[in-house]
Amino acid sequence: MTSISKRKEESHLVNGGVKQSTWSKAFNSNAVWEEKDEFLDVIYWLRQIIAIVLGVMWGVAPLKGFLGIAIFCIINAGVLYVYFSSFQQIDEEEYGGTWELTKEGFMTSFALFLVGLVMSFKMYKLLKYNKTS
Amino acid sequence: MYMHFFLSFFFFVFFFFFFGARKYFSSLRPGKRDFDTMSTMFADTILIVFISICTALLAEGITWVLVYRTEKYKRLKAEVEKQSKKLEKKKETITESAGRQQKKKIERQEEKLKNNNRDLSMVRMKSMFAIGFCFTALMGMFNSIFDGRVVAKLPFVPLSYIQGLSHRNLLGEDYTDCSFIFLYILCTMSIRQNIQKMLGLAPSRAATKQAGGFLGPPPQAAKFS
């Protein structure tokens, strides 16, 4: 099925009163986003999830120093870029350009990443000390 | 009605935890073994995250009581969001060759939106004073409790202009030691905005964009269904 016919089918479903939930749309490629804010919310929450996951992973690894922070920034921006440009194939200009999509929720996710990193790093040191003593 | 229950429950948990924490810290002996120090530090970190969640909920609770549930605020917010969306759509469709009349119409709408935004800010000012007063008292209290205490170890050395905050009131030259205020600020930055979004209390992107948001528009008050 081509992407155009798939979009037509989805919009028909929407017009027919069967509305896909946001979560199912987020994990379907080429989903139809009638509301711009709905898609921006998806980007926002995916960013927060990535921040928590990477924060915990980096703390447990442990990946110290600014290298870890730089890698987080690259992964955060990169994964979401691939998501909205390749997976969802949205028109970036509709949302104000790639920069607007990249900075959506970025600072909050960065702060969340640091909190996760500090907590998991402390927990890792505690468990390591407990194991070796 | 659920908001009343929620607020009462929240205050109960907050004060229970707070007084429990005070009793716990006052019972700590100086010169503990490394493991106890580390576990104390981890407990501090968890406590600070919890304090941040509670203060964010407290701020939203106060704002809800003083501002969000009032008819004036609901009316103004709906008006601002409607006008912002309308203005945004108009700006997208306008071309460079658009007539003077159209441009003047947009300017009039922008002026109207600016006035409504200003009125909305005035309504919110009540809660801002109350929150500012509460938080000044709370921060003074927490700062005295956590004064000179290393609450976490950072896995990186912060930049020199941030060290003043991250190493505030701490002894020694180890800049991976983290003070209460730095961790609290990080927690607040991450937790408060997410709580606002989850509770549906954050302003819409369109409204903030038209009002001139700092560092771009904040997330819209929308939940996943």
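Just above sits the structure.
Below, the structure is looked at part by part. Computed from a predicted model, the values in this text were never measured in an experiment.

1. With respect to the overall build of chain A
Thought 1: Summing up its helical and strand segments, chain A has six helices and zero strands in all.
Thought 2: Listing every helix and strand of chain A by position from the N terminus yields α-α-α-α-α-α.
Thought 3: Relative to its full complement of 133 residues, chain A shows a buried share of 44%.
Thought 4: Summing over all exposed atoms, chain A offers an accessible surface of approximately 6,900 Å²; the carbon and sulfur share of this is 66%.

2. Overview of unusual backbone geometry
Trans peptide bonds make up most of the peptide bonds, and negative phi angles are found at most residues other than glycine.
Thought 1: Of note, the bond from A:Ala61 into A:Pro62 is cis; its omega dihedral lies within 30 degrees of zero at -20 degrees.
Thought 2: Structurally, the position occupied by A:Pro62 is in the loop between helix H3 (36-60) and helix H4 (65-87).
Thought 3: Positive phi, close to 60 degrees, is recorded for B:Asn169, a residue that is not glycine.
Thought 4: Note on placement: B:Asn169 falls in the loop between helix H5 (160-166) and strand S2 (177-178).

3. Some details on the interface of chain B and chain A
Size of an interface: often given as the accessible area lost when the parts come together.
Thought 1: Residue-level contacts link 37 residues of chain B with 34 residues of chain A.
Thought 2: Both sides together, the interface formed by chain B and chain A hides about 3,400 Å², and carbon and sulfur atoms give 72% of it.
Thought 3: Remark: the boundary between chain B and chain A carries one salt bridge.
Thought 4: The closest approach of N and O atoms between A:Asp41 and B:Lys197, which form a salt bridge, is 2.6 Å.
Thought 5: On inspection of chain B and its partner chain A, the count reaches four residue pairs in polar contact (both at pLDDT 80 or more).
Thought 6: For the side of chain B that touches chain A, the secondary-structure elements that each account for two or more residues are helix H2 (34-68), helix H3 (71-93), strand S1 (152-153) and helix H6 (180-199) of chain B.
Thought 7: The residue inventory of the side of chain B that touches chain A, partitioned by class, reads 22 nonpolar, eight polar and seven charged.

4. Observations concerning the environment of A:Met107
Thought 1: Inspection of the secondary structure assignment puts A:Met107 in helix H6 (residues 106-132).
Thought 2: For the pair A:Met107 and A:Arg47, spaced 60 residues apart in sequence, the C-alpha to C-alpha distance is 9.9 Å.

5. Observations regarding the side chain of B:Asp177
Residue and element names in this part refer to chain B.
Thought 1: Its place among the elements puts Asp 177 in strand S2.
Thought 2: For Asp 177, a relative accessible area of 11% corresponds to the buried category.
Thought 3: In this structure the side chain of Asp 177 is engaged in a polar contact, spanning 2.8 Å, whose partner is the side chain of Lys 153.
Thought 4: With residues near it in sequence (within four places) discarded, Asp 177 still touches Val 150, Ala 152, Lys 153, Ser 166, His 167, Leu 170 and Leu 171.

6. A word on the packing of H3(A) against H4(A)
Residue and element names in this part refer to chain A.
Thought 1: Where H3 meets H4, the closest approach of the two axes is 10 Å, and the angle between their N-to-C directions is 145 degrees. You can see that H3 and H4 cross each other, and the crossing is right-handed. Between H3, through Phe 39, Val 42, Ile 43, Leu 46, Arg 47, Ile 50, Ala 51, Leu 54 and Trp 58, and H4, the contact on the second element is made entirely by Gly 68, Ile 71, Phe 72, Ile 75, Asn 76, Ala 77, Val 79, Leu 80, Tyr 83 and Phe 84.
Thought 2: In terms of residue class, the contact of H3 with H4 is made up of 16 nonpolar, two polar and one charged.

7. Examining the packing of aromatic side chains
Thought 1: Taken as a whole, this structure holds 14 aromatic pairs over all chains when the rule is applied.
Thought 2: On the numbers, 5.0 Å between centres and 55 degrees between planes, the contact of A:Trp33 with A:Phe39 is tilted.
Thought 3: With a relative accessible area of 10%, A:Trp33 lands in the buried category.
Thought 4: Ring geometry for A:Phe39 versus A:Tyr83: centroids 6.3 Å apart, planes at 10 degrees, classification stacked. With A:Phe39 in helix H3 and A:Tyr83 in helix H4, this pair connects stretches of sequence that are 44 residues apart. As far as burial versus exposure is concerned, A:Phe39 and A:Tyr83 are alike and both buried.
Thought 5: Three or more aromatic residues joined by ring pairs form one cluster here, namely A:Trp33, A:Phe39, A:Tyr83, A:Phe87 and A:Tyr95.
Thought 6: The positively charged end of B:Lys197 is found above the aromatic ring belonging to A:Tyr44, 4.9 Å away from the centroid.

Conventions and cut-offs
- Residues numbered from 1 in each chain as written.
- Chains lettered and ligands numbered in written order.
- Predicted model: local features only at pLDDT ≥ 70, side-chain atom pairs only at ≥ 80, totals over all residues.
- Heavy atoms only, no water.
- Helix = DSSP H or I, 4+ residues; strand = E, 2+ residues; numbered from the N terminus.
- Buried < 20%, exposed > 50% of the residue type's maximum accessible area, 1.4 Å probe, protein only.
- Areas by Shrake-Rupley, 256 points an atom, 1.4 Å probe, with all protein chains shown as cover.
- Contact = heavy atoms within 4.5 Å.
- Buried area = accessible area lost by both parts, 1.4 Å probe.
- Salt bridge = Lys/Arg side-chain N within 4 Å of Asp/Glu carboxyl O.
- Polar contact = N/O pair within 3.5 Å; in protein donor to acceptor, adjacent residues only side chain to side chain.
- Nonpolar A, V, L, I, M, F, W, Y, C, P; charged D, E, K, R; others polar.
- Axes fitted to C-alpha atoms, helices over the stretch in contact; angles between N-to-C directions.
- Left-handed = near helix turned anticlockwise from the far one by under 90°.
- Phe/Tyr/Trp six-rings, centres within 6.5 Å; stacked < 30°, edge-to-face > 60°.
- Lys NZ or Arg CZ within 6 Å of the ring centre and 35° of its normal.

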